[in-house]
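Chain residues, written in single-letter form:
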Amino acid sequence: MRAKTVAINPMNIDGSTKTFGILGNPVHHSLSPAMHNAAFSTLELNSVYIPLPAGDLQAAVAGLSALGFSGASVTIPHKQEVIRHVDVLDPVARKIGAVNTLVFQEDENARTVVYGYNTDWMGANRALDEEIKLQGCRVLILGAGGSARAIGYGLLEAGAEIIVANRTRSRGENLAAALGCRFCPLDMLETVSADVLVNTTSVGMTPNDGEIPLSPALLPRFSVVMDIVYAPLQTRLLGEAARAGCRVVNGLAMLLYQGAAQFKLWTGTEAPVEVMRQVLDTHFS
Ligand code: ATR
C-alpha cells in the first residue's frame, strides 16, 4: 500500500508547537526537513523541523537550548565537534566519536540538559537486520572513515563479528584496533569469509558510477550486500551483487532508519517509516 504524504501547513504553527531542526553547514540540500515534517504531520504531532545553518556551533547549540528547541539533527561538519557541547553523551556515540542527534530536556531545576546520540549505527543495524540476524553474523566492512567507524561499533553492539578492509593500510589498521577486530588489505579479500559486505567507501558514487570497490567475482560468497552510497540508488556494486544472488540493501535504508531512530528519541513514538520512505523515494526516483 502506498503511504499518504502530508504537507506541513505553517498556519497550524502556534504557541505550543515543538521545534526541531538540522544543524550543519551547508544544510540546504538536506532531506531531513521533508522527511521529519511528513512524519510529524502524519502522526498529527504539533511539531516542526527546519534547516539550521550554523557556523559557530557553540553559539548555535546554546541558542537552541535557550530558545526551547526539543531536538536537532547534526550533520557535516559538526558531528565530531558537537560532542564538546553535549551534557550527557550516549556511550555508543562516545565510542564512535560522533553525534548526529541532540535531545533537549528540562531537568527538575528547569535547566535545559543537552543529550547527544548517534543514530547512524542504529540506521545501519535496522537496515541489515531486515535481511539477516546480526548476532553472530560475520561482516566485512570496506572503508575506515567516519561511516565505517559508526557502522562497526553498531554491529559490535548487535553481536556481529567484523573484519575491516581499507585502501590505506594504516587507517584500516587503526580502525580495526579500535574495534578489536581483524584488518584485511584490499588485495587479500579472497581470504575473507563473511556473510555480509558493507561498502562505506565513496567508490561507485556519481560521477564514478562505473566503479566498484571489489572484484565482482568475490560477491557470490556474501548473503547480503549493503552500500551506503545513495547516488546513484542502484550502484554498480548492488547491481552485480543482485546478479550474483545476494540480497541487497541500498543507501536509502540507512538514511531512512537513522531518521526513524531520531524521531523515536524525540517523540517516544515509532516513526511512520513508510511515509518517510516515500519522501526519500520521491526525491531519488
Ligand atoms: P566517511 O566519513 O563518509 O566514512 P571518509 O572519512 O572520507 O568518509 O572515508 C572514506 C573511505 O572511503 C576511506 O576508507 C577511504 O579510503 P582511504 O582511507 O584509503 O582514503 C575510502 N575510499 C575513498 N575513495 C576510495 C577509492 N577510490 N578506493 C578505495 N577506497 C576509497
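All residue numbers refer to position in the chain's written sequence, counted from 1. Predicted model: local features are reported for residues with pLDDT of at least 70 only, side-chain atom pairs are reported and counted for 80 or more only, and whole-chain, interface and lining totals are derived from all residues. Only hydrogens and water are set aside; all other atoms, that is, all heavy atoms of the structure, feed into the side-chain values.

## A word on the packing of helix H5 (residues 146-157) against helix H6 (residues 169-179)
One can describe the packing of H5 onto H6 by two numbers: an axis separation of 10 Å at closest approach and a directional angle of 25°. Put simply, H5 runs roughly parallel to H6. Seen from above, H5 lies across H6 with right-handed handedness. Counting all contacts with H5, which are made through Ala148, Arg149, Gly152, Tyr153 and Leu156, the residues of H6 involved are Leu175, Ala178 and Leu179. In the contact of H5 with H6, the residues fall into 6 nonpolar, 1 polar and 1 charged. A fitted line through C-alpha atoms serves as each axis, taken over the contacting stretch for helices, and the angle formed by two N-to-C directions is quoted from 0 to 180°. Numbering goes from the N terminus for both helices and strands, where a helix is a DSSP run of H or I of at least four residues and a strand is a run of E of at least two. What sets the label is the angle itself: under 35 degrees gives roughly parallel, over 145 gives roughly antiparallel, 65 to 115 gives roughly perpendicular, and the rest give oblique. In this scheme the crossing of two helices becomes right-handed for a clockwise turn of the near helix relative to the far one and left-handed for an anticlockwise turn of less than a right angle. Should any heavy atoms of two residues lie within 4.5 Å, those residues are considered in contact. Each residue is assigned to one of three groups, with Ala, Val, Leu, Ile, Met, Phe, Trp, Tyr, Cys and Pro labelled nonpolar, Asp, Glu, Lys and Arg labelled charged, and all others, Gly among them, labelled polar.

## Observations concerning the site of the ligand
Any residue with a heavy atom lying within 4 Å of a molecule or strand is counted as near it. Every residue near the ligand is listed here: Gly143, Ala144, Gly145, Gly146, Ser147, Asn166, Arg167, Thr168, Arg171, Thr201, Ser202 and Val203. Here a polar contact means two N or O atoms within 3.5 Å. Within protein one must be a hydrogen donor candidate and the other an acceptor candidate, and residues neighboring in sequence count only if both atoms are side-chain atoms. Take Ser147: an N or O atom from its main chain is 3.0 Å from an oxygen atom of the ligand. Contact with the protein chains covers 67% of the free accessible surface of the ligand, which is 650 Å². Broken down by class, the residue content of the shell around the ligand amounts to 2 nonpolar, 8 polar and 2 charged. Residue exposure ignores everything except the shown protein chains as possible cover, and the areas themselves are Shrake-Rupley values with a 1.4 Å probe.

## Overview of the sheet that holds strand E1 (residues 18-24)
What the 6 strands build is an open sheet, ordered E2-E1-E3-E5-E6-E4; its pairing is mixed. Two strands lie at the open edges of the sheet, namely strand E2 (47-53) and strand E4 (88-89), each paired on one side alone. For two strands to be treated as a pair, DSSP must find at least two bridges joining them. Of the strand pairs in this sheet, strand E5 (residues 101-106) and strand E6 (residues 112-117) are connected by 6 bridges, and their pairing is antiparallel. In the strand pairing of E6, Val103 is matched with Tyr115. On top of the sheet, helix H8 (residues 251-267) reaches E1, E2, strand E3 (71-74), E5 and E6; it is set at about 5° to E5, its chief contact.

## Observations regarding the confidence of the model for the protein
Model confidence for the protein is summarised by a mean pLDDT of 94, while 97% of its residues fall at 70 or above. By definition, pLDDT measures how confident the predictor is in each residue, and it falls between 0 and 100. Scored below 50 in pLDDT, residues 1-5 makes 9 contacts in the model with residues more than four places away or belonging to other chains.

## As for the environment of Val103
By the element assignment, Val103 lies in strand E5. Spatially, the C-alpha atom of Val103 lies 6.6 Å from that of Gly116, the residues being 13 residues apart in sequence. With near-sequence residues (within four places) excluded, Val103 lies in contact with Ser70, Gly71, Val113, Val114, Tyr115, Tyr117, Leu265 and Trp266.

## So, the packing of aromatic side chains
Geometry of aromatic contacts follows a simple scheme: Phe, Tyr and Trp rings, the Trp one being its six-membered ring, pair when their centres are within 6.5 Å, and the pair is stacked under 30 degrees between planes, edge-to-face over 60, tilted otherwise. In this structure the tally under the stated criterion is 5 aromatic pairs. Each ring, one from Phe20 and one from Trp266, has its centre 5.1 Å from the other, and the planes form 45°; the classification is tilted. Here Phe20 is found in strand E1, whereas its partner Trp266 is found in helix H8, with 246 residues between them in sequence. Here Phe20 matches Trp266 in class, with each residue buried. Ring plane angle 35° and centroid distance 5.4 Å describe the contact between Phe40 and Phe263, whose orientation is recorded as tilted. With Phe40 in helix H1 (residues 32-42) and Phe263 in helix H8, this pair connects stretches of sequence that are 223 residues apart. Each residue is placed in one exposure class: buried if its accessible area under a 1.4 Å probe, protein chains only, is under 20% of its type's maximum, exposed if it is over 50%, and partly exposed if it falls in between.

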